[in-house]
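What follows is the residue order along each chain.
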Amino acid sequence: MLSLDFLDDVRRMNKRQLYYQVLNFGMIVSSALMIWKGLMVITGSESPIVVVLSGSMEPAFHRGDLLFLTNRVEDPIRVGEIVVFRIEGREIPIVHRVLKIHEKQNGHIKFLTKGDNNAVDDRGLYKQGQHWLEKKDVVGRARGSSVLLRNNSPHLPQFPRCC
């Protein structure tokens, strides 16, 4: 019945009111997109804010926590740092801690990750044949968090503890 009420309200509007409502909606959407793009430029991350979707990083982060990310190219990745990375073939990024770093003599860095609440490292999560992550896999690094959504959103998807 909600959709019928909405349609009745739209039918009662004159053209000017309807155009005004559409324009307001367009301004809200474009403002949100501009803010998001601005955050992308400022943080250097393709996704400056992410939601933790599993319990693999407990007790540091819980399911539903918001993480604020940066991804500055000049900042080296360090052991103990929390990174958000994407694995080829998977859509959902993973939030885990850097466990080991492997640096070659030419300065190229590879690293291994693990969830704080997981028993083993993430090599089982990486694509087949991949044993280390590279800088190109990183979406961002956690710089802050908020518990805004923790335990308040039953709509968050359920994921196993492993990722």
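Every residue gets a number counted from 1 within its own chain, in the order that chain's sequence is written. Owing to the predicted nature of the model, reporting of local features is limited to residues with pLDDT of at least 70; listing and counting of side-chain atom pairs is limited to 80 or more, with chain, interface and lining totals taken over all residues. Hydrogens and water molecules were not included; the side-chain quantities draw on all heavy atoms of the structure.

For the record, the criterion: UniProt positions are given in the numbering used here, feature names are shortened, and annotations may be inferred rather than shown by experiment.
In the nomenclature of an unreviewed UniProt entry, the protein chain is known as Signal peptidase complex catalytic subunit SEC11 of Aotus nancymaae. Within the UniProt record for the protein chain, the comment given under Catalytic activity (unreviewed entry) is "Cleavage of hydrophobic, N-terminal signal or leader sequences from secreted and periplasmic proteins." Of the comments in the UniProt record for the protein chain, the one headed Subcellular location (unreviewed entry) reads "Endoplasmic reticulum membrane".

**Some details on the nonpolar core**
What counts is decided by this rule: Definition used in this section: a nonpolar core is a set of buried Ala, Val, Leu, Ile, Met, Phe, Trp, Tyr and Cys residues joined via side-chain atoms within 4.5 Å. Here's how the labels work: a residue is buried when its accessible area is under 20% of the maximum for its type, exposed when over 50%, partly exposed in between, all with a 1.4 Å probe on protein chains only. Strands are runs of DSSP state E lasting at least two residues, helices are runs of H or I lasting at least four, and both sets are numbered from the N terminus onward. Note on contacts: a residue pair is in contact if any heavy atoms of the two residues lie within 4.5 Å.
With 12 residues, the main nonpolar core is built from Ile77, Val83, Phe85, Ile87, Ile94, Val98, Phe111, Leu112, Leu125, Tyr126, Leu133 and Val138. When residues of this core are traced back to their parent elements, those giving at least two are β3 (82-85), β4 (94-103) and β5 (109-114). Residue contacts for Val83: discarding those within four places in its chain leaves Ile94, Val95, His96, Val98, Phe111, Thr113, Gly140 and Arg141. Val52, Leu69, Val84 and Val95 belong to the second-largest nonpolar core, a separate cluster that totals 11 residues.

**Focus: the pattern of salt bridges**
Inclusion rule: Any carboxyl oxygen of Asp or Glu within 4 Å of a side-chain nitrogen of Lys or Arg constitutes a salt bridge here.
As enumerated under the stated definition, the model contains seven salt bridges in all. Among the salt bridges present, the one from Arg143 reaches Asp75, with a minimum N-O distance of 3.9 Å. Here the residue Arg143 occupies a position in strand β7 (residues 138-146), and Asp75 occupies one in the loop between β2 (66-70) and β3, the gap between them amounting to 68 residues. Since its relative accessible area comes to 45%, Arg143 is described here as partly exposed. The salt bridge partner of Arg143 is Glu81, with a shortest N-O separation of 3.3 Å. A residue pair is termed long-range when its members are at least 10 positions apart, and Arg143 in strand β7 and Glu81 in the loop between β2 and β3 qualify at 62 residues. Salt bridges linked by common partners bring Asp75, Glu81, Arg141 and Arg143 together as one network.

**A closer look at the packing of aromatic side chains**
When we look at a pair of aromatic rings, we describe it by the centre distance and by the angle of the planes. To keep it simple, the criterion reads: Stacked, edge-to-face and tilted labels apply to pairs of Phe, Tyr and Trp rings (six-membered ring for Trp) whose centres lie within 6.5 Å, assigned for plane angles under 30 degrees, over 60, and everything in between, in that order. Lysine and arginine charges are scored as sitting over a ring when NZ or CZ, respectively, is within 6 Å of the ring centre and within 35 degrees of the ring normal.
Within the structure shown, the criterion is met by one aromatic pair. Measuring from ring centre to ring centre gives 6.2 Å for Phe85 and Tyr126, while their planes differ by 80 degrees; the resulting arrangement is edge-to-face. Separated by 41 residues along the polypeptide, Phe85 in strand β3 and Tyr126 in the loop between β5 and β6 (133-134) bring together distant segments of the chain. By relative accessible area, which is 0% here, Phe85 ends up buried. The cationic tip of Arg123 hangs over the ring face of Trp132; the distance from NZ or CZ to the ring centre is 5.1 Å.

**Some points on the environment of Ile92**
Summarising the element assignment, Ile92 is placed in the loop between β3 and β4. Of the residues examined, Ile92 reaches a relative accessible area of 40% and is grouped as partly exposed. For the pair formed by Ile92 and Leu53, sequence separation is 39 residues and the distance between their alpha carbons is 9.2 Å.

**So, the pairing of β4**
Note the following rule: Note: two strands are recorded as paired if DSSP finds a minimum of 2 bridges between them.
Where β3 lies against β4, four bridges are found, and the strand directions are antiparallel. The partner of Ile82 across the bridge, within β4, is Arg97. Between β4 and β5, which pair antiparallel one after the other, the connecting turn spans five residues, and Gly107 there sits at a positive phi close to 95 degrees.

**Considerations on the side chain of Thr70**
Our working definition: For the purposes of these results, a polar contact is taken to be a pair of N or O atoms within 3.5 Å, where, inside protein, one atom must be able to donate a hydrogen and its partner to accept one; residues adjacent in sequence count only when each atom of the pair is a side-chain atom.
Considering the arrangement of structural elements, one finds Thr70 in strand β2. Using a relative accessible area of 16% as the deciding quantity, one classes Thr70 as buried. Polar side-chain contacts of Thr70 include one of 2.8 Å to the side chain of Arg143. Once residues lying within four places of it in the same chain are set aside, the contact partners of Thr70 are Thr43, Ser45, Gly140, Arg141 and Arg143.

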